[in-house]
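Letter by letter, the chains look like this.
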Amino acid sequence: MRDDIFTKRRNGNLVFLLALLILSVGSIIITEYDVIKGFTSITRAVIWGGSNFYPDAESLRILPEIFPKLQETVLMSIAATTVAAVLALVLSLAGSQTTRINRIFSIVSRGIASLFRNIPIVAWAMVLMISFSQSPLTGYLALFFGSLGFLTRAFMETIDEVGNNSIEALQATGAGYFHIIFQAVLPASMPQMISWLLYMIETNIRDATLVGVLTGTGIGFSFDLYYKRFDYHAASLVVLLIVITVIVIELVSNNVRRVIL
Amino acid sequence: MQFKELIVQETNNICEQLSSYEDRHTSFKELFLTKDTINFGPIKLLDRASIAMRTVILFLTVLTIYFFSTLDYQSIDVLKGFTDTFVNFKTMFLNPYAQRFTLGEAFYNVVVTLGLAFLTTLIGGIVALLLGLLAAQNLAPKQVTNLIKGFVAIIRAVPTILWVLIFAVAAGLGSAAAIIGMSFHSISYLTKAYSESFEDLDRSVIEALMASGANWWQIVFQAVIPSSVTYLLSWTFLRFEINFANAVAMGAAAGAGGIGFDLFMAGGFYFDLREVGFITYLIIAIAIALEVFSTNIKGKLQKSI
Amino acid sequence: MALLELKNVTKNYNNECCALDNVSFSVDKGEFVSIIGPSGAGKSTLLRCINRMVEASSGEISVDGLISSSLSKKKLRKLRTKIGMIFQHYNLVDRLTVIENVLHGRLGYKSTLAGVLGRYSQEEKSQAYRIIEILGLNEQIYKRCDQLSGGQKQRVGIARALVQNPKIILCDEPIASLDPNASKIIMDHLGNISKEMGITIIVNLHQVEVALKYSDRIIGVNRGKVVFDGAPCDLTTRQIRDIYGSESEDLIIDLGERHAG
Ligand SMILES: Nc1ncnc2c1ncn2[C@@H]1O[C@H](COP(=O)(O)OP(=O)(O)O)[C@@H](O)[C@H]1O
Ligand SMILES: [Mg+2]
């Protein structure tokens, strides 16, 4: 009996490994990935990076140019996330199983969330670029729509998680819908929602760089500019500043989380 | 003698407490008797948590207002921008059409993108398994976990696109740079996720095995990995979904090929909204299929283990 | 006239027969009624039909002279303010303080705006404070509910029900998650409330001994049917077997004890 279980499990593991192997080989072929070149490029990149990719004294001259860009990118990410969070709150209340008003609203808001989350940010950037050209609004809106989808889903799960126990209790006392939302649902789910909001800001700063490269705005544009001019010292300074910004935001978020959760 | 006194005293104390408790107890009638109001302050508790939450909300609101107030509204017509965008979306989603490639080519490119995502996830998963073990506080010394967690946090702070572009200098633009560059983020993300799953493991299990003389590798393979394999797999599937989206983006922004490159050409080069719509639909369909697939797998795994 | 009257109440979930099957009984002011029966018998369903947290499929329920099934949404909320409810899992908003949770019992009396903002009058707060004091929680009044023990949480649940000024309190297995000491305190409070305040208490119980000790009257339910309705002293071992069916073998009941209490 026991042997059976063990052989079965071993066979299962073998099948799993075999499937992984086949998929890997298939992927390597179809993506034309040169495995050896890929891995040797790591050492080459390290050597190259050590000798070229660091900020030198001369590159500091660009600081006055890139600080405004960095500030713009950070503010854009924060504004996009915050506004998206407000809308996502409404959508998630309408969409959650426990707080929905009726089925149709629920399906609609779930649909919106799923659609917006899965439209690639590249598509947003391309389309918005056509109308808003290189204004910060392009990046802002691209981040906004993506965040709206993600946050709606995250908030919906948060509301479902905090459970309908206290909702049931308040219904039984004769409290109305808005009483229940403001006195039970929001107090219980607010900390987790703020945690998601902070996570989204971090993610958006990184995504803002991508949008910037695509649309020629913000800090992503600065990087692209120096990168294409082969001014790697300046480009590395941009990377360093982004890293510092993201890490500072992550540290602040972690501290906030520790207090509120 | 002293001891006896102590006991008597203690007994008296208990009796007193009990009787006073009883006294307070049976007086629901008081509710009808007294109607005078007690002066009452605010009922909300202002503890650290609620102060922190209010500060965060206030701070974000102020920064948002500041962003909008400093935005340069002169150079663009905002209203026209919005109406244009609306019209563009309508064209995109209501008249999707592909003319520069066949359906077969589109599918081929989707598979390329899926391949990029798969390889990235695989490399990420393998490396992260090792790093995750070394970053789990219950499995490795504190200095090592801190070192790895810090290292991984720095890797994560660099946007994926920058990793790919940096590697492209050494490896040239193409799938090699994209896969290695994207793997960095996967490694970092999965290391964090895996190590947190390992840390959730009950300490007593590890202690019991250590007491029986098992060495580190035995503990890892007999206890740690088997008991967290569900979490590991669901995090990995989640990362695969993210990597698919990333592979689309890298195709567009860093020449990694696949459907992302088609999207970039359609939108950024030909300005063909109908084709952008077609590709977007294709990507949404795949993304939703992946999501459904991974939710199903998660459900099955949770049942079987 | 009886305070609460059920006539031929039937409830089918998803058209399956029958969570409640033709249940009729009436309860007077100040009565302490225990409902006993095996799990799945329909005790929770019965209780929730009374305040329409669950809609009965057919039959008539009248509370304080009002036929509850015919009430509009607004009138139903008003009716619910007259019926307190306490739960096995307490159903408090864990992140809020004791006093905030207790005052939730007043929401049914409030306008939407006042309730959303959590504005309570001095009289309401004073009343809440007195109730909290009687229940022995005055040291916890500003504590968050996630810092309380199970017994304390259930006392908050009782306070929330009392602050409603109810005529009836429904209790769904109030002591099922508590240790014997805490259970005794809770049951004593409920007994006192019914004796001293003349509030009708209807309580679902798992433990027959507890029902025997505290109630004026016991209703036994099995498979949605009332199979016993009478004074505790009329309950025989045979009838307990009727109520609990095959489960009765597992019950260790000392019927002799009831005369002691
Ligand atoms: N929401 C529901 N949907 C479908 N069936 C339910 C629901 N709630 C209860 N039931 C069924 O109704 C019957 C009575 O349940 P319940 O009233 O919870 O019993 P008790 O409280 O005595 O354990 C059970 O068979 C249960 O499966
Ligand atoms: Mg029940």
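Reading the values: the criteria
- Residues numbered from 1 in each chain as written.
- Chains lettered and ligands numbered in written order.
- Predicted model: local features only at pLDDT ≥ 70, side-chain atom pairs only at ≥ 80, totals over all residues.
- Heavy atoms only, no water.
- Helix = DSSP H or I, 4+ residues; strand = E, 2+ residues; numbered from the N terminus.
- Rg over C-alpha atoms; globule rule 2.2 N^0.38 Å.
- Buried < 20%, exposed > 50% of the residue type's maximum accessible area, 1.4 Å probe, protein only.
- Areas by Shrake-Rupley, 256 points an atom, 1.4 Å probe, with all protein chains shown as cover.
- Lys, Arg positive; Asp, Glu negative; His and termini not counted.
- Charge placed at Lys NZ, Arg CZ, Asp CG, Glu CD.
- Contact = heavy atoms within 4.5 Å.
- Buried area = accessible area lost by both parts, 1.4 Å probe.
- Salt bridge = Lys/Arg side-chain N within 4 Å of Asp/Glu carboxyl O.
- Polar contact = N/O pair within 3.5 Å; in protein donor to acceptor, adjacent residues only side chain to side chain.
- Near = heavy atom within 4 Å.
- Nonpolar A, V, L, I, M, F, W, Y, C, P; charged D, E, K, R; others polar.
- 1 Å grid on protein atoms, 1.4 Å probe; cavity = no way out; pocket = protein on both sides within 12 Å on 5 of 7 lines; lining within 4 Å.
- Points joined across faces, edges and corners; volume = space filled by probe spheres on them.
- pLDDT = per-residue confidence, 0-100.
- Pairing = 2+ DSSP bridges.
- Axes fitted to C-alpha atoms, helices over the stretch in contact; angles between N-to-C directions.
- Expected span 1.5 Å × (residues − 1).
- Domains from an automatic or database assignment.

Novice: How would you explain the overall build of chain A if you had to name every residue and give the values?
Specialist: The number of helices and strands found in chain A is 10 helices and zero strands. Secondary structure of chain A in N-to-C order comes out as α-α-α-α-α-α-α-α-α-α. Taking 18 Å as the expected radius of gyration for a compact globule of 261 residues, we find that chain A reaches 24 Å, considerably beyond that expectation. Each principal axis of the C-alpha atoms in chain A carries an extent, and together these give about 70 × 65 × 40 Å.

Novice: So what about the overall build of chain B? Which residues, and what values?
Specialist: The helix and strand tally for chain B stands at 12 helices and zero strands. Along chain B, helices (α) and strands (β) appear in the sequence α-α-α-α-α-α-α-α-α-α-α-α when read from the amino end. Rg of the C-alpha trace for chain B: 31 Å, well past the compact-globule value of 19 Å for 305 residues, more than 25% over. With respect to the principal axes defined by its C-alpha atoms, chain B has extents near 100 × 65 × 35 Å. Out of the 305 residues in chain B, the part that is buried amounts to 46%. For chain B, the exposed area adds up to about 16,300 Å²; of that, 66% sits on carbon and sulfur atoms. The distance from the centre of the 20 positive side-chain charges to the centre of the 22 negative ones in chain B is 3 Å.

Novice: So what about the interface of chain B and chain A? Which residues, and what values?
Specialist: At the junction of the two partners, chain B supplies 71 residues and chain A supplies 73 residues. Here chain B meets chain A over a buried area of about 6,200 Å², counting both sides, of which 82% is carbon and sulfur. The largest share of the area that chain B buries against chain A comes from Met 53, Leu 60 and Phe 67 of chain B, three residues that together contribute 9% of it. Remark: the boundary between chain B and chain A carries three salt bridges. Summed over the shared surface of chain B and chain A, the number is 12 residue pairs in polar contact (both at pLDDT 80 or more). Ranked by residue count, the leading element in the side of chain B that touches chain A is helix H3 (residues 48-70) of chain B, at 12 residues.

Novice: Would you mind going over the site of ligand 1 in detail, with residue names and values included?
Specialist: All names here are of chain C. Taken together, the neighbourhood of ligand 1 is formed by Tyr 13, Asn 14, Ala 19, Pro 38, Ser 39, Gly 40, Ala 41, Gly 42, Lys 43, Ser 44 and Thr 45. For ligand 1, an oxygen atom lies 2.6 Å from a polar atom in the side chain of Ser 44. Starting from 560 Å² of accessible surface for ligand 1 in isolation, the protein chains cover 56%. Of the residues in the shell around ligand 1, the class split is four nonpolar, six polar and one charged.

Novice: Quick rundown of the layout of surface pockets? Include the residues and the values.
Specialist: Taken as a whole, the second largest pocket encloses approximately 2,000 Å³ of empty space. Lining the second largest pocket are 44 residues; nearest its centre among them are Phe 16, Leu 17 and Leu 20 of chain A together with Val 229 and Leu 233 of chain B. Counting only elements with at least two residues in the lining of the second largest pocket, the list comes to helix H1 (2-30) of chain A together with helix H5 (103-135), helix H10 (216-253) and helix H12 (273-304) of chain B. Of all the elements, H1 of chain A adds the most residues to the lining of the second largest pocket, at 15 residues. When its residues are assigned to classes, the lining of the second largest pocket shows 28 nonpolar, 12 polar and four charged.

Novice: Outline the pattern of salt bridges, listing residues and values.
Specialist: Inspection of every chain in the model, using the stated rule, returns 25 salt bridges over all chains. Measuring nitrogen to oxygen at the nearest pair gives 2.7 Å for the salt bridge that ties Asp 188 of chain C to Lys 184 of chain C. With Asp 188 of chain C and Lys 184 of chain C both in helix H7 (residues 180-197), this residue pair falls four residues apart, about one helical turn. One salt-bridge network, held together by shared partners, links Arg 117, Arg 153 and Glu 157 of chain A together with Glu 291 of chain B.

Novice: An account of the confidence of the model for chain A is requested, with residue identities and associated values reported.
Specialist: For chain A, the average pLDDT comes to 91, and 99% of its residues sit at 70 or higher. When mean pLDDT is compared element by element in chain A, helix H3 (residues 63-95) of chain A scores highest at 95, while H1 of chain A scores lowest at 85.

Novice: Residues and numbers for the sheet that holds strand E1 (residues 4-11) of chain C, please.
Specialist: Residues and elements named next belong to chain C. Overall, antiparallel pairing links the four strands, which are arranged E2-E1-E4-E5 in an open sheet. In this open sheet, the two strands that pair with only one neighbour each are strand E2 (20-27) and strand E5 (66-67). Inspection of the sheet shows E1 paired to E2 by five bridges, in the antiparallel sense. Looking across to E2, one finds that Leu 4 is bridged to Val 27. On top of the sheet, helix H1 (residues 43-50) reaches E1, E2 and strand E4 (58-63); it is set at about 60 degrees to E2, its chief contact.

Novice: Explain helix H5 (residues 121-132) of chain A residue by residue, including any values.
Specialist: All names here are of chain A. Its 12 residues place the ends of H5 16 Å apart at the C-alpha level, agreeing with the 16 Å of an ideal helix rising 1.5 Å per residue. Of the positions making up H5, those classed as buried are Ile 121, Val 122, Ala 123, Trp 124, Ala 125, Met 126, Val 127, Leu 128, Ser 131 and Phe 132. Directly beyond the C-terminal end of H5, a positive phi value near 40 degrees is found at Ser 133.

Novice: Run through the interface of chain A and chain C, naming residues and quoting values.
Specialist: On the side of chain C, 29 residues touch chain A, which itself brings 21 residues to the contact. Here chain A packs against chain C, burying approximately 1,900 Å² in sum over the two surfaces, 61% of which is carbon and sulfur. On the chain A side of the interface with chain C, the three residues burying the most area are Thr 173, His 179 and Gln 183 of chain A, jointly 32% of the side's total. Taken together, the links from chain A to chain C amount to one salt bridge. A salt bridge links Glu 168 of chain A to Arg 48 of chain C, with the shortest nitrogen-to-oxygen separation between them at 2.8 Å. Counting every contact that joins chain A to chain C gives 12 residue pairs in polar contact (both at pLDDT 80 or more). At the level of elements, helix H7 (165-173) and helix H8 (177-215) of chain A are the ones that each hand at least two residues to the side of chain A that touches chain C. Among the residues making up the side of chain A that touches chain C, the classes are represented as 12 nonpolar, eight polar and one charged.

Novice: How would you summarise the sheet that holds strand E7 (residues 168-172) of chain C if you had to cite specific residues and measurements?
Specialist: Residue and element names in this part refer to chain C. One open sheet holds the six strands; their spatial order is E6-E7-E8-E3-E9-E10, and the pairing between them is mixed. Lying at the two open borders of the sheet, with one neighbouring strand each, are strand E6 (83-86) and strand E10 (225-230). Sheet twist, expressed as the mean angle between neighbouring strand axes with direction ignored, is 15 degrees.

Novice: Could you give an account of the pairing of E7 of chain C, with specific residues and numbers?
Specialist: Looking along a regular strand, one sees the side chains alternate between the two faces of the sheet. All names here are of chain C. Burial of E7 is extensive: five of the five residues sit out of reach of the surface. Side-chain alternation along E7 places Ile 168, Leu 170 and Asp 172 on one buried face and Ile 169 and Cys 171 on a second face that is also buried. In this structure, E7 lies alongside strand E8 (residues 200-205), joined through five bridges in parallel fashion. Following the sheet pairing, Asp 172 is matched in E8 by Asn 204.

Novice: Explain the domain arrangement of chain A to me, using residue names and the numbers behind them.
Specialist: As assigned here, chain A comprises domain 1 (2-52) and domain 2 (65-260). Averaged C-alpha coordinates put domain 1 of chain A and domain 2 of chain A at centres separated by 33 Å.

Novice: Lay out unusual backbone geometry with the relevant residues and their values.
Specialist: In the Ramachandran plot, Ser 133 of chain A falls in the positive-phi region, its phi being about 40 degrees despite a non-glycine side chain. As for its position among the elements, Ser 133 of chain A is in the loop between H5 and helix H6 (136-162). Note on Ser 133 of chain A: relative accessible area 36%, which makes it partly exposed. Although it is not a glycine, Glu 173 of chain C sits at a positive phi angle of roughly 45 degrees. When you line up the elements, Glu 173 of chain C lands in the loop between E7 and H7.

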